[in-house]
Amino acid sequence: MIKAAIVEDQEILRKSLKIVIENISDIEIVGTAENGEEAIALCERENLDILLMDIQMPVMDGVKATEEIKKRWPNIKVIILTTFQDVTHVLNALNAGAEGYILKAVDPEYLVQGIKMVYYGGSLIPQQLAKEVFGQIQLNNNSQSDQNSNQNSDQNHNAMNHPYDLYHQEIKVLKCLTQGLSNKDISEKMFLSMGTVKNYVSTIYSKLNVKNRSSAIIKAMEESLIEDKKH
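Residues numbered from 1 in each chain as written. Predicted model: local features only at pLDDT ≥ 70, side-chain atom pairs only at ≥ 80, totals over all residues. Heavy atoms only, no water.

Caption draft 1: Here's a closer look at the overall build of the protein chain. Of the regular secondary structure elements, the protein chain holds 11 helices and 5 strands. For the protein chain, the residues scored as buried account for 45% of the 231 residues in total. Look at the contacts in the protein chain between residues 6 or more apart in sequence, and 67% of them connect residues 24 or more apart. With an accessible surface of roughly 12,300 Å², the protein chain has 47% of that area assigned to carbon and sulfur atoms. (Helix = DSSP H or I, 4+ residues; strand = E, 2+ residues; numbered from the N terminus. Buried < 20%, exposed > 50% of the residue type's maximum accessible area, 1.4 Å probe, protein only. Contact = heavy atoms within 4.5 Å. Areas by Shrake-Rupley, 256 points an atom, 1.4 Å probe, with all protein chains shown as cover.)

Written out as structure tokens, the structure reads:
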């Protein structure tokens, strides 16, 4: 049985999520918290598999809490509960170690599927919300580019032509990651051993300078690294 907890400052949402999740699945909600500090205390008391974590909360927000929890309990997987208004904070949460994010208003069945996907090693990057996140990234990138000198812009353009030295097989593995496939799924799809897949994933993290799957997926989609191209 998957043991999960809900971290959300709105009591009605905490209670409703707990009732819905337990009624339609075998996932056990072993605790709830209303801010990041309570979430950390909860992790100290319970042997958790999954944390559903709100971003904007009093006392300690979800990004800071995620960062602290992933440092102390890297085995606990964090799914960020968010709204469209929170998209500017999603990248910070992913960089802090979260395995994915999902809208608070999502269909409960999809939420349960997402929890199970993350539990079994996948990443949760819903396309609907990803468009908003990547759109925000693009706006930020364009704003920064406008502030650069022509010389710096030329240097950045040249760097983007070959930003990461990813080989063809690594790009294929990265594409599988963006599809939410686990290492086992990738192994079966590409006819590779589990050890080889793990090595590829580790190399991809190193080349992209990221810490987890979600950050790798964000960077891949942000910089169009999963297009069919050869190195």
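Still more to cover.
Caption draft 2: Examining the packing of helix α2 (residues 36-45) against helix α3 (residues 62-72) more closely. As a packed pair, α2 and α3 sit with axes 9 Å apart at the nearest point and diverge in direction by 20°. When the axis of α2 is compared with that of α3, the two are roughly parallel. The chirality of how α2 crosses α3 is right-handed. Two secondary-structure elements touch here, α2 through G36, A39, I40, C43 and E44 and α3 through A65, E68, I69 and R72. Of the residues contributing to the contact of α2 with α3, the split by class is 5 nonpolar, 1 polar and 3 charged. (Axes fitted to C-alpha atoms, helices over the stretch in contact; angles between N-to-C directions. Parallel < 35°, antiparallel > 145°, perpendicular 65-115°, else oblique. Left-handed = near helix turned anticlockwise from the far one by under 90°. Nonpolar A, V, L, I, M, F, W, Y, C, P; charged D, E, K, R; others polar.)

Caption draft 3: Quick peek at the nonpolar core. Counting 47 residues, the largest nonpolar core has L51, M53, I69, I80, L174 and I186 as its most contacted members. When residues no more than four places from it in sequence are discounted, the contact partners of I186 are V173, C176, L177, L181, F191 and V197. Judged by nonpolar contacts, the second largest core, of 18 residues, contains I2, L17, I21 and V112. (Core = buried A, V, L, I, M, F, W, Y, C linked by side-chain atoms within 4.5 Å.)

Caption draft 4: Just the pattern of salt bridges, in detail. Per the stated rule, a full pass over the model turns up 12 salt bridges. In this structure, the salt-bridge partner of E22 is K18, at a minimum N-O distance of 3.1 Å. Pair noted here: E22 and K18 are both in helix α1 (residues 11-24), with a separation of 4 residues, about one helical turn. Its relative accessible area of 29% is what places K18 among the partly exposed residues. A salt bridge links D26 to K116, with the nearest nitrogen and oxygen atoms 4.0 Å apart. (Salt bridge = Lys/Arg side-chain N within 4 Å of Asp/Glu carboxyl O.)

Caption draft 5: Fine view of unusual backbone geometry. Phi at V59 is positive, roughly 70°, even though this residue is not glycine. Here V59 lies in the loop between β3 (50-54) and α3. Its relative accessible area of 61% is what places V59 among the exposed residues. Of note in the backbone geometry, F191 takes a positive phi value of approximately 55° without being a glycine. Among the structural elements, F191 can be located in the loop between α9 (183-190) and α10 (194-208).

Caption draft 6: Region of interest: the pairing of strand β2 (residues 28-33). Relative to β2, strand β1 (residues 3-7) runs parallel, the two being bridged by 5 bridges. Its bridge partner being in β2, A5 is matched across the sheet by G31. In terms of handedness, the path from β1 via α1 over to β2 forms a crossover that is right-handed. (Pairing = 2+ DSSP bridges. Right-handed = clockwise from strand over helix to strand, strands pointing away.)

Caption draft 7: How the structure looks around the packing of α9 against α10. Viewed as axis vectors pointing N to C, α9 and α10 meet at an angle of 110°, and their least axial separation amounts to 9 Å. Relative to α10, the element α9 is oriented roughly perpendicular. For α9 against α10, the interelement crossing comes out right-handed. On α10, the residues touching N183, K184, I186 and S187 of α9 are M194, V197, K198 and V201. For the contact of α9 with α10, a count of residues per class yields 4 nonpolar, 2 polar and 2 charged.

Caption draft 8: Broad picture of α3. For α3, the complete set of buried residues consists of G62, V63, A65, T66, I69 and K70. Considered in projection along α3, the buried side chains sweep an arc of 160° and stay on one side of the axis. Looking at α3, the residues exposed on the side facing more than 90 degrees away from the buried face are K64 and K71. Capping the start of α3, D61 holds a side-chain oxygen 3.1 Å from the backbone nitrogen of V63, two or three residues further along. (Arc of directions from axis to C-beta. Polar contact = N/O pair within 3.5 Å; in protein donor to acceptor, adjacent residues only side chain to side chain.)

Caption draft 9: Region of the structure containing the side chain of R213. Relative to the elements of secondary structure, R213 occurs in helix α11 (residues 213-222). Buried within the structure, R213 lacks any salt-bridge partner; D185 is the closest side chain of opposite charge, at an N-O distance of 7.7 Å. Side-chain polar atoms of R213 contact the backbone oxygen of L181, separated by 2.8 Å. Leave out the neighbours within four places in its chain, and R213 touches G121, S123, L177, L181, S182, N183 and Y205. (Lys, Arg positive; Asp, Glu negative; His and termini not counted.)

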